[in-house]
Amino acid sequence: MEYSIALVTGATSGLGQAAARLLAKGGWHEIIVTGRSLAGAQQAAAQLAAENKTVIFTPLALDLDKPSSVQSALAELVKRGKPIEFLLLNAGMVPGKKRVLTAAGVEASQAPLIGHHQLTAGLLRANLLSPNARIVIAGAEPARGDVPLFSLTDVAALAAKRHQGNRTAAMEALLRNGPNVKYQANRAYADAKVIVAWWAAALARRLPPGMAVYAVAPGAATDTKVSRNAGWALKWLMIPIVKHIPGMNQTPETAARRYLQASEFGTDVSGQFFASAPKKFTGPIEVMRQPHLHDRANQEAAWQAVVKVSGVDFEPIKPASPSVPPITKGPGAP
Ligand SMILES: NC(=O)c1ccc[n+]([C@@H]2O[C@H](COP(=O)([O-])OP(=O)(O)OC[C@H]3O[C@@H](n4cnc5c(N)ncnc54)[C@H](OP(=O)(O)O)[C@@H]3O)[C@@H](O)[C@H]2O)c1
(Lines give C-alpha, C1' and ligand atoms only; values in the text may rest on other atoms or scores of the structure.)
Protein backbone atom coordinates (compact mmCIF):
# COMPACT_ATOMS: atom_id res chain seq x y z
CA MET A 1 0.00 0.00 0.00
CA GLU A 2 1.28 3.49 -0.83
CA TYR A 3 0.52 6.61 1.16
CA SER A 4 1.38 10.20 0.58
CA ILE A 5 2.43 12.80 3.16
CA ALA A 6 2.68 12.44 6.94
CA LEU A 7 3.89 15.01 9.47
CA VAL A 8 5.36 13.86 12.79
CA THR A 9 6.03 16.36 15.57
CA GLY A 10 8.83 15.75 18.07
CA ALA A 11 10.71 13.44 15.72
CA THR A 12 14.18 14.21 17.07
CA SER A 13 14.04 11.28 19.48
CA GLY A 14 11.95 8.50 20.97
CA LEU A 15 8.54 7.63 19.65
CA GLY A 16 8.41 10.38 17.02
CA GLN A 17 11.56 9.05 15.45
CA ALA A 18 10.34 5.46 15.73
CA ALA A 19 7.03 6.45 14.11
CA ALA A 20 8.82 8.20 11.23
CA ARG A 21 10.89 5.05 10.67
CA LEU A 22 7.76 2.86 10.64
CA LEU A 23 5.97 5.21 8.24
CA ALA A 24 8.91 5.00 5.84
CA LYS A 25 8.81 1.21 5.98
CA GLY A 26 5.04 1.36 5.53
CA GLY A 27 5.22 3.05 2.13
CA TRP A 28 4.63 6.73 2.85
CA HIS A 29 5.99 8.99 0.12
CA GLU A 30 7.11 11.84 2.33
CA ILE A 31 7.44 12.24 6.09
CA ILE A 32 7.86 15.74 7.46
CA VAL A 33 9.84 15.47 10.70
CA THR A 34 9.85 18.35 13.15
CA GLY A 35 12.32 19.44 15.80
CA ARG A 36 12.46 22.55 17.96
CA SER A 37 15.24 23.92 15.71
CA LEU A 38 15.87 23.42 12.02
CA ALA A 39 19.30 21.96 12.83
CA GLY A 40 17.70 19.36 15.13
CA ALA A 41 15.09 18.44 12.52
CA GLN A 42 17.75 18.24 9.81
CA GLN A 43 19.86 15.95 11.95
CA ALA A 44 16.89 13.66 12.60
CA ALA A 45 15.96 13.64 8.90
CA ALA A 46 19.54 12.81 7.90
CA GLN A 47 19.77 10.00 10.45
CA LEU A 48 16.45 8.53 9.34
CA ALA A 49 17.44 8.81 5.68
CA ALA A 50 20.74 7.03 6.33
CA GLU A 51 19.04 4.23 8.28
CA ASN A 52 16.30 3.74 5.74
CA LYS A 53 18.47 4.34 2.67
CA THR A 54 15.82 6.67 1.32
CA VAL A 55 15.41 10.44 1.17
CA ILE A 56 11.78 10.96 2.00
CA PHE A 57 12.22 12.84 5.28
CA THR A 58 11.69 16.59 5.17
CA PRO A 59 12.97 18.57 8.16
CA LEU A 60 10.81 21.35 9.61
CA ALA A 61 11.52 23.63 12.58
CA LEU A 62 8.65 23.61 15.09
CA ASP A 63 8.97 24.75 18.67
CA LEU A 64 5.53 24.26 20.18
CA ASP A 65 6.35 26.58 23.08
CA LYS A 66 6.61 29.52 20.68
CA PRO A 67 3.61 30.81 18.67
CA SER A 68 6.05 32.51 16.26
CA SER A 69 7.70 29.15 15.51
CA VAL A 70 4.29 27.54 14.83
CA GLN A 71 3.45 30.43 12.49
CA SER A 72 6.76 30.01 10.63
CA ALA A 73 6.19 26.26 10.27
CA LEU A 74 2.69 26.93 8.95
CA ALA A 75 4.03 29.51 6.48
CA GLU A 76 6.52 26.91 5.22
CA LEU A 77 3.77 24.30 4.80
CA VAL A 78 1.52 26.82 3.02
CA LYS A 79 4.40 27.65 0.66
CA ARG A 80 4.73 23.95 -0.22
CA GLY A 81 0.96 23.71 -0.66
CA LYS A 82 0.75 19.90 -0.39
CA PRO A 83 -2.02 18.42 1.77
CA ILE A 84 -1.12 16.18 4.70
CA GLU A 85 -2.87 12.84 5.15
CA PHE A 86 -1.54 11.86 8.55
CA LEU A 87 -0.84 14.48 11.20
CA LEU A 88 0.93 12.85 14.14
CA LEU A 89 1.01 15.25 17.09
CA ASN A 90 3.50 13.26 19.13
CA ALA A 91 5.69 15.86 20.86
CA GLY A 92 5.34 15.98 24.62
CA MET A 93 7.24 15.77 27.88
CA VAL A 94 7.06 14.70 31.52
CA PRO A 95 7.74 17.83 33.58
CA GLY A 96 10.36 18.08 36.32
CA LYS A 97 10.28 18.91 40.01
CA LYS A 98 10.56 22.64 39.35
CA ARG A 99 7.61 24.26 37.62
CA VAL A 100 8.50 25.65 34.18
CA LEU A 101 6.33 28.13 32.32
CA THR A 102 6.83 29.12 28.68
CA ALA A 103 7.21 32.77 27.70
CA ALA A 104 3.47 32.68 26.92
CA GLY A 105 2.78 31.63 30.53
CA VAL A 106 1.83 28.00 29.83
CA GLU A 107 3.00 25.11 32.02
CA ALA A 108 5.71 23.21 30.10
CA SER A 109 3.94 19.84 29.79
CA GLN A 110 0.70 21.59 28.68
CA ALA A 111 2.51 23.74 26.10
CA PRO A 112 2.73 21.09 23.33
CA LEU A 113 -1.09 20.94 23.18
CA ILE A 114 -1.30 24.71 22.72
CA GLY A 115 1.22 24.56 19.85
CA HIS A 116 -0.49 21.48 18.38
CA HIS A 117 -3.83 23.30 18.47
CA GLN A 118 -2.34 26.31 16.67
CA LEU A 119 -0.77 24.01 14.07
CA THR A 120 -3.93 21.97 13.49
CA ALA A 121 -6.17 25.05 13.23
CA GLY A 122 -3.69 26.67 10.84
CA LEU A 123 -3.57 23.58 8.60
CA LEU A 124 -7.37 23.38 8.54
CA ARG A 125 -7.67 27.07 7.72
CA ALA A 126 -5.18 26.72 4.87
CA ASN A 127 -6.94 23.61 3.56
CA LEU A 128 -3.75 21.64 4.04
CA LEU A 129 -5.28 18.51 5.54
CA SER A 130 -6.52 16.05 2.94
CA PRO A 131 -10.30 15.32 3.02
CA ASN A 132 -9.74 11.96 4.75
CA ALA A 133 -6.89 13.10 6.97
CA ARG A 134 -6.20 11.34 10.24
CA ILE A 135 -4.93 13.27 13.26
CA VAL A 136 -3.38 11.38 16.16
CA ILE A 137 -2.29 13.15 19.33
CA ALA A 138 -0.15 11.52 22.01
CA GLY A 139 -2.03 10.78 25.20
CA ALA A 140 -0.84 8.72 28.14
CA GLU A 141 -2.27 6.14 30.54
CA PRO A 142 -2.39 8.53 33.55
CA ALA A 143 -5.35 10.22 31.79
CA ARG A 144 -7.38 7.12 32.75
CA GLY A 145 -7.07 8.16 36.39
CA ASP A 146 -5.90 4.72 37.61
CA VAL A 147 -2.11 5.15 37.63
CA PRO A 148 -0.49 5.25 41.09
CA LEU A 149 1.44 8.51 41.79
CA PHE A 150 -0.30 10.26 38.85
CA SER A 151 -3.59 11.57 40.23
CA LEU A 152 -5.88 13.82 38.21
CA THR A 153 -7.36 17.15 39.23
CA ASP A 154 -11.14 17.10 39.67
CA VAL A 155 -11.94 19.99 37.33
CA ALA A 156 -15.57 20.36 38.41
CA ALA A 157 -14.48 20.59 42.05
CA LEU A 158 -11.71 23.09 41.23
CA ALA A 159 -14.20 25.17 39.24
CA ALA A 160 -16.73 25.09 42.08
CA LYS A 161 -14.17 25.96 44.75
CA ARG A 162 -12.10 28.59 42.98
CA HIS A 163 -13.78 29.76 39.77
CA GLN A 164 -17.48 30.27 40.55
CA GLY A 165 -18.29 27.03 38.78
CA ASN A 166 -16.63 28.12 35.53
CA ARG A 167 -14.88 25.00 34.19
CA THR A 168 -13.19 26.87 31.32
CA ALA A 169 -11.50 29.12 33.87
CA ALA A 170 -10.47 26.04 35.88
CA MET A 171 -9.02 24.42 32.73
CA GLU A 172 -7.12 27.62 31.94
CA ALA A 173 -5.70 27.54 35.46
CA LEU A 174 -4.45 23.99 34.77
CA LEU A 175 -2.94 25.01 31.43
CA ARG A 176 -1.13 27.88 33.14
CA ASN A 177 -0.64 26.06 36.44
CA GLY A 178 -2.23 28.92 38.29
CA PRO A 179 -3.82 30.75 39.92
CA ASN A 180 -4.91 28.46 42.75
CA VAL A 181 -3.15 25.38 41.38
CA LYS A 182 -0.37 23.82 43.43
CA TYR A 183 2.38 22.51 41.17
CA GLN A 184 3.09 18.81 41.41
CA ALA A 185 4.93 17.33 38.42
CA ASN A 186 3.10 14.01 38.05
CA ARG A 187 -0.29 15.61 38.51
CA ALA A 188 0.60 18.30 35.95
CA TYR A 189 1.48 15.56 33.44
CA ALA A 190 -1.69 13.56 34.14
CA ASP A 191 -3.78 16.74 33.80
CA ALA A 192 -1.98 17.63 30.55
CA LYS A 193 -2.81 14.24 29.06
CA VAL A 194 -6.47 14.21 30.16
CA ILE A 195 -6.86 17.65 28.60
CA VAL A 196 -5.36 16.18 25.39
CA ALA A 197 -8.09 13.49 25.44
CA TRP A 198 -10.84 16.08 26.02
CA TRP A 199 -9.43 18.33 23.28
CA ALA A 200 -9.47 15.44 20.79
CA ALA A 201 -13.13 14.72 21.62
CA ALA A 202 -14.04 18.38 21.10
CA LEU A 203 -12.01 18.66 17.89
CA ALA A 204 -13.79 15.59 16.46
CA ARG A 205 -17.07 17.53 16.64
CA ARG A 206 -15.54 20.35 14.61
CA LEU A 207 -13.85 18.41 11.79
CA PRO A 208 -15.40 17.90 8.35
CA PRO A 209 -17.04 14.46 7.90
CA GLY A 210 -14.16 12.57 6.24
CA MET A 211 -11.51 13.54 8.79
CA ALA A 212 -10.91 11.98 12.20
CA VAL A 213 -8.85 12.60 15.31
CA TYR A 214 -7.84 10.22 18.09
CA ALA A 215 -5.90 10.60 21.32
CA VAL A 216 -3.60 7.60 21.61
CA ALA A 217 -1.51 6.56 24.60
CA PRO A 218 1.60 4.90 23.18
CA GLY A 219 2.04 2.95 26.42
CA ALA A 220 5.16 2.53 28.51
CA ALA A 221 8.39 2.74 26.51
CA THR A 222 11.17 3.68 28.87
CA ASP A 223 13.93 3.64 26.24
CA THR A 224 13.12 7.16 25.08
CA LYS A 225 14.06 10.50 26.60
CA VAL A 226 10.56 11.12 27.98
CA SER A 227 11.56 11.03 31.64
CA ARG A 228 14.65 13.22 31.29
CA ASN A 229 13.13 15.94 33.51
CA ALA A 230 11.38 13.58 35.90
CA GLY A 231 12.16 13.52 39.61
CA TRP A 232 14.64 11.01 41.01
CA ALA A 233 11.97 8.65 42.38
CA LEU A 234 10.45 8.16 38.94
CA LYS A 235 13.72 8.24 37.04
CA TRP A 236 16.00 6.18 39.22
CA LEU A 237 13.56 4.02 41.18
CA MET A 238 10.23 3.47 39.48
CA ILE A 239 11.35 3.26 35.83
CA PRO A 240 14.38 0.96 36.37
CA ILE A 241 12.21 -1.42 38.42
CA VAL A 242 9.16 -1.28 36.17
CA LYS A 243 11.34 -1.84 33.11
CA HIS A 244 12.04 -5.41 34.18
CA ILE A 245 8.51 -6.39 35.13
CA PRO A 246 6.85 -8.32 32.31
CA GLY A 247 4.05 -6.30 30.69
CA MET A 248 5.31 -2.99 32.07
CA ASN A 249 7.55 -1.89 29.22
CA GLN A 250 7.78 -2.17 25.45
CA THR A 251 10.12 -1.01 22.71
CA PRO A 252 9.71 2.47 21.22
CA GLU A 253 8.82 0.77 17.93
CA THR A 254 5.97 -1.21 19.53
CA ALA A 255 4.70 1.94 21.22
CA ALA A 256 4.92 4.01 18.01
CA ARG A 257 3.04 1.29 16.14
CA ARG A 258 -0.04 2.24 18.16
CA TYR A 259 -0.09 5.64 16.45
CA LEU A 260 0.00 4.01 13.02
CA GLN A 261 -2.68 1.53 14.01
CA ALA A 262 -4.96 4.42 15.02
CA SER A 263 -4.28 6.20 11.72
CA GLU A 264 -6.24 3.39 10.05
CA PHE A 265 -9.30 3.71 12.31
CA GLY A 266 -12.62 4.92 10.92
CA THR A 267 -14.50 8.16 11.49
CA ASP A 268 -16.98 6.25 13.69
CA VAL A 269 -14.48 6.29 16.56
CA SER A 270 -13.22 9.81 15.95
CA GLY A 271 -12.63 11.75 19.17
CA GLN A 272 -12.02 8.65 21.30
CA PHE A 273 -9.08 8.06 23.60
CA PHE A 274 -7.25 4.77 22.98
CA ALA A 275 -4.90 3.29 25.56
CA SER A 276 -3.81 0.04 27.19
CA ALA A 277 -6.57 -1.80 29.05
CA PRO A 278 -7.33 -0.37 32.51
CA LYS A 279 -4.39 -0.73 34.93
CA LYS A 280 -2.13 -1.93 32.09
CA PHE A 281 0.70 -0.07 30.28
CA THR A 282 1.34 -2.32 27.30
CA GLY A 283 -0.62 -4.71 25.11
CA PRO A 284 -3.44 -3.96 22.70
CA ILE A 285 -5.12 -0.55 22.74
CA GLU A 286 -8.83 -0.10 23.32
CA VAL A 287 -11.31 2.76 23.65
CA MET A 288 -11.25 4.14 27.17
CA ARG A 289 -14.71 4.22 28.75
CA GLN A 290 -14.05 5.97 32.10
CA PRO A 291 -16.89 8.48 32.65
CA HIS A 292 -14.58 11.48 33.23
CA LEU A 293 -13.20 11.08 29.69
CA HIS A 294 -16.71 11.28 28.23
CA ASP A 295 -17.82 14.29 30.27
CA ARG A 296 -18.93 16.67 27.53
CA ALA A 297 -18.81 19.71 29.81
CA ASN A 298 -15.12 18.99 30.51
CA GLN A 299 -14.39 18.34 26.82
CA GLU A 300 -15.91 21.67 25.76
CA ALA A 301 -14.36 23.56 28.67
CA ALA A 302 -10.95 22.13 27.72
CA TRP A 303 -11.50 23.22 24.12
CA GLN A 304 -12.53 26.75 25.11
CA ALA A 305 -9.58 27.09 27.46
CA VAL A 306 -7.15 25.94 24.76
CA VAL A 307 -8.77 28.40 22.33
CA LYS A 308 -8.34 31.20 24.85
CA VAL A 309 -4.75 30.41 25.78
CA SER A 310 -3.66 29.74 22.18
CA GLY A 311 -5.54 32.75 20.78
CA VAL A 312 -6.78 30.55 17.93
CA ASP A 313 -10.31 29.31 17.27
CA PHE A 314 -12.12 27.74 14.38
CA GLU A 315 -15.79 27.14 13.87
CA PRO A 316 -17.29 23.67 13.37
CA ILE A 317 -16.94 22.77 9.73
CA LYS A 318 -20.28 22.19 7.98
CA PRO A 319 -20.41 19.27 5.51
CA ALA A 320 -21.53 21.49 2.62
CA SER A 321 -18.98 24.24 3.31
CA PRO A 322 -17.27 24.98 -0.02
CA SER A 323 -14.41 27.05 1.35
CA VAL A 324 -11.66 27.01 3.93
CA PRO A 325 -13.10 27.14 7.49
CA PRO A 326 -13.12 30.59 9.06
CA ILE A 327 -10.65 31.19 11.80
CA THR A 328 -11.07 33.76 14.48
CA LYS A 329 -8.24 35.06 16.53
CA GLY A 330 -8.59 36.16 20.09
CA PRO A 331 -6.26 37.95 22.45
CA GLY A 332 -2.76 36.53 22.53
CA ALA A 333 -2.93 35.30 18.94
CA PRO A 334 0.44 34.94 17.24
N1 LIG B 1 7.81 6.91 26.38
C2 LIG B 1 6.75 6.65 27.16
O3 LIG B 1 6.77 5.75 28.03
C4 LIG B 1 5.48 7.41 26.97
C5 LIG B 1 4.33 6.96 27.62
C6 LIG B 1 3.13 7.63 27.43
C7 LIG B 1 3.10 8.76 26.63
N8 LIG B 1 4.23 9.19 26.01
C9 LIG B 1 4.13 10.37 25.14
O10 LIG B 1 4.73 10.08 23.90
C11 LIG B 1 5.22 11.27 23.31
C12 LIG B 1 6.66 11.06 22.85
O13 LIG B 1 7.48 10.84 23.99
P14 LIG B 1 8.87 10.09 23.91
O15 LIG B 1 8.79 8.96 24.87
O16 LIG B 1 9.26 9.80 22.53
O17 LIG B 1 9.83 11.20 24.55
P18 LIG B 1 11.14 11.92 23.98
O19 LIG B 1 12.14 10.91 23.56
O20 LIG B 1 11.53 12.90 25.02
O21 LIG B 1 10.63 12.69 22.68
C22 LIG B 1 9.77 13.79 22.79
C23 LIG B 1 9.88 14.65 21.55
O24 LIG B 1 8.98 15.75 21.69
C25 LIG B 1 9.70 16.96 21.51
N26 LIG B 1 9.10 18.05 22.27
C27 LIG B 1 8.71 18.05 23.56
N28 LIG B 1 8.20 19.24 23.89
C29 LIG B 1 8.26 20.00 22.78
C30 LIG B 1 7.88 21.33 22.47
N31 LIG B 1 7.34 22.12 23.39
N32 LIG B 1 8.09 21.80 21.22
C33 LIG B 1 8.64 21.00 20.28
N34 LIG B 1 9.02 19.73 20.50
C35 LIG B 1 8.84 19.25 21.74
C36 LIG B 1 11.11 16.64 21.97
O37 LIG B 1 12.01 17.59 21.48
P38 LIG B 1 13.24 18.09 22.42
O39 LIG B 1 14.12 16.91 22.57
O40 LIG B 1 13.84 19.22 21.67
O41 LIG B 1 12.61 18.51 23.72
C42 LIG B 1 11.29 15.25 21.37
O43 LIG B 1 11.56 15.34 19.99
C44 LIG B 1 5.05 12.36 24.36
O45 LIG B 1 3.89 13.12 24.08
C46 LIG B 1 4.88 11.58 25.66
O47 LIG B 1 4.16 12.31 26.63
C48 LIG B 1 5.41 8.54 26.16
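The preceding data block contains the structure.
Residues numbered from 1 in each chain as written. Predicted model: local features only at pLDDT ≥ 70, side-chain atom pairs only at ≥ 80, totals over all residues. Heavy atoms only, no water.

K.L.:
Would you mind showing me how to read the overall build of the protein chain here?
P.N.:
Check the secondary structure of the protein chain and you find 10 helices and 10 strands. Its C-alpha radius of gyration of 19 Å places the protein chain within 12% of the 20 Å reference for a compact globule of 334 residues. Dimensions of the protein chain along its principal axes, counting C-alpha atoms only, are 50 × 50 × 35 Å. The contacts in the protein chain between residues at least 6 apart in sequence include a share of 74% that link residues at least 24 apart. By element, 57% of the accessible surface of the protein chain is carried by carbon and sulfur atoms, the whole surface being about 14,500 Å². Positive and negative side-chain charges in the protein chain, numbering 36 and 22 respectively, have mean positions lying 6 Å apart. (Helix = DSSP H or I, 4+ residues; strand = E, 2+ residues; numbered from the N terminus. Rg over C-alpha atoms; globule rule 2.2 N^0.38 Å. Contact = heavy atoms within 4.5 Å. Areas by Shrake-Rupley, 256 points an atom, 1.4 Å probe, with all protein chains shown as cover. Lys, Arg positive; Asp, Glu negative; His and termini not counted. Charge placed at Lys NZ, Arg CZ, Asp CG, Glu CD.)

K.L.:
Could you clarify how one ought to interpret the sheet that holds strand E8 (residues 285-287) in this entry?
P.N.:
One key point about sheets: their strands pair by backbone hydrogen bonds, in either a parallel or an antiparallel sense. Spatially, eight strands are ordered E3-E2-E1-E4-E5-E6-E7-E8 in an open sheet, and the strand pairing comes out mixed. Pairing within the sheet leaves two strands with one partner each, and these edge strands are strand E3 (57-61) and E8. The sheet shows a mean angle of 20° between the axes of neighbouring strands, direction not considered. Two elements, strand E6 (residues 212-216) and strand E7 (residues 273-276), share two bridges in a ladder whose sense is parallel. (Pairing = 2+ DSSP bridges. Axes fitted to C-alpha atoms, helices over the stretch in contact; angles between N-to-C directions.)

K.L.:
Any chance you could explain the packing of aromatic side chains here in plain terms?
P.N.:
Centre-to-centre distance and the angle between the planes together describe a pair of aromatic rings. With the rule as written, the count across this model stands at seven aromatic pairs. An angle of 70° between the planes, with centres 6.3 Å apart, marks the rings of phenylalanine 150 and tyrosine 189 as edge-to-face. Highlighted residues: phenylalanine 150 in the loop between strand E5 (129-138) and helix H5 (155-162) and tyrosine 189 in helix H7 (residues 185-204), separated in sequence by 39 residues. Each member of the pair phenylalanine 150 and tyrosine 189 is classed as buried. Between phenylalanine 265 and phenylalanine 274 the ring centres are 4.7 Å apart and the planes differ by 45°, which places this aromatic pair in the tilted class. Of the aromatic side chains, those joined through ring pairs into one cluster are Trp199, Trp303 and Phe314. Over the ring of phenylalanine 281 we find arginine 144; its NZ or CZ atom is 5.6 Å from the centre of that ring. (Phe/Tyr/Trp six-rings, centres within 6.5 Å; stacked < 30°, edge-to-face > 60°. Buried < 20%, exposed > 50% of the residue type's maximum accessible area, 1.4 Å probe, protein only. Lys NZ or Arg CZ within 6 Å of the ring centre and 35° of its normal.)

K.L.:
Help me understand the nonpolar core in this model?
P.N.:
It is characteristic of soluble globular proteins that their nonpolar side chains tend to be buried jointly. Grouped together as the largest cluster of nonpolar side chains are 64 residues, with contacts concentrated most on Leu119 and Ile195. With nine residues, the single largest contributor to this core is H7. Contacts of leucine 119, omitting those with residues within four sequence positions, involve Leu7, Thr9, Leu62, Val70, Leu74, Leu77, Leu87 and Leu89. (Core = buried A, V, L, I, M, F, W, Y, C linked by side-chain atoms within 4.5 Å.)

K.L.:
So what exactly am I meant to see when it comes to the site of the ligand here?
P.N.:
Surveying the vicinity of the ligand reveals 28 residues, the closest of which are Thr12, Leu15, Tyr189, Thr224 and Arg228. One nitrogen or oxygen atom from the main chain of asparagine 90 is found 2.8 Å from an oxygen atom belonging to the ligand. When the free accessible area of the ligand is taken as 890 Å², the share hidden by the protein chains comes to 91%. Residue assignment for the shell around the ligand shows that the elements contributing at least two residues are helix H1 (14-25) and H7. Of the residues belonging to the shell around the ligand, the class tally is 13 nonpolar, nine polar and six charged. (Near = heavy atom within 4 Å. Polar contact = N/O pair within 3.5 Å; in protein donor to acceptor, adjacent residues only side chain to side chain. Nonpolar A, V, L, I, M, F, W, Y, C, P; charged D, E, K, R; others polar.)

K.L.:
Honestly, the environment of glycine 26 in this entry has me stumped. Any pointers?
P.N.:
Examined against the element boundaries, glycine 26 turns out to sit in the loop between H1 and strand E2 (28-35). With a relative accessible area of 36%, glycine 26 lands in the partly exposed category.

K.L.:
So what exactly am I meant to see when it comes to unusual backbone geometry here?
P.N.:
For residues other than glycine, phi is negative in most cases, and the peptide bonds are mostly trans. Note the cis peptide between glycine 178 and proline 179, where omega equals 0°. Structurally, the position occupied by proline 179 is in the loop between helix H6 (167-176) and H7. In this model, asparagine 177 sits at a positive phi of 50°, which is unusual for a non-glycine residue. Tracing the backbone through its elements, the reader meets asparagine 177 in the loop between H6 and H7. A positive phi angle, near 65°, is found at asparagine 180, a position not held by glycine. Looking at the element boundaries, asparagine 180 is found in the loop between H6 and H7. Taking relative accessible area as the criterion, asparagine 180 reaches 44% and is therefore assigned partly exposed.

K.L.:
Help me out: how do you make sense of the side chain of arginine 206 in this one?
P.N.:
Topologically, arginine 206 is positioned in the loop between H7 and E6. Of the residues examined, arginine 206 reaches a relative accessible area of 9% and is grouped as buried. A distance of 2.7 Å separates polar atoms of two side chains, one belonging to arginine 206 and the other to glutamate 300.

K.L.:
Please explain helix H3 (residues 67-80) as it appears in this structure.
P.N.:
Given 3.6 residues per turn, any residue in an α-helix points the same way as the ones three and four places further on. An ideal rise of 1.5 Å per residue puts 20 Å on 14 residues; H3 measures up with 20 Å between its terminal C-alpha atoms. The set of residues buried in H3 consists of Ser69, Val70, Ala73, Leu74 and Leu77. End-on view of H3: buried residues confined to an arc of 135°, all on one side of the axis. Turned more than 90 degrees off the buried face of H3, the exposed positions are Ser68 and Lys79. At its buried positions, H3 is contacted by strand E1 (3-8), E2, E3, strand E4 (84-89) and helix H4 (111-125). Trailing H3 by a residue or two, glycine 81 shows a phi angle of about 70°, which is positive. (Expected span 1.5 Å × (residues − 1). Arc of directions from axis to C-beta.)

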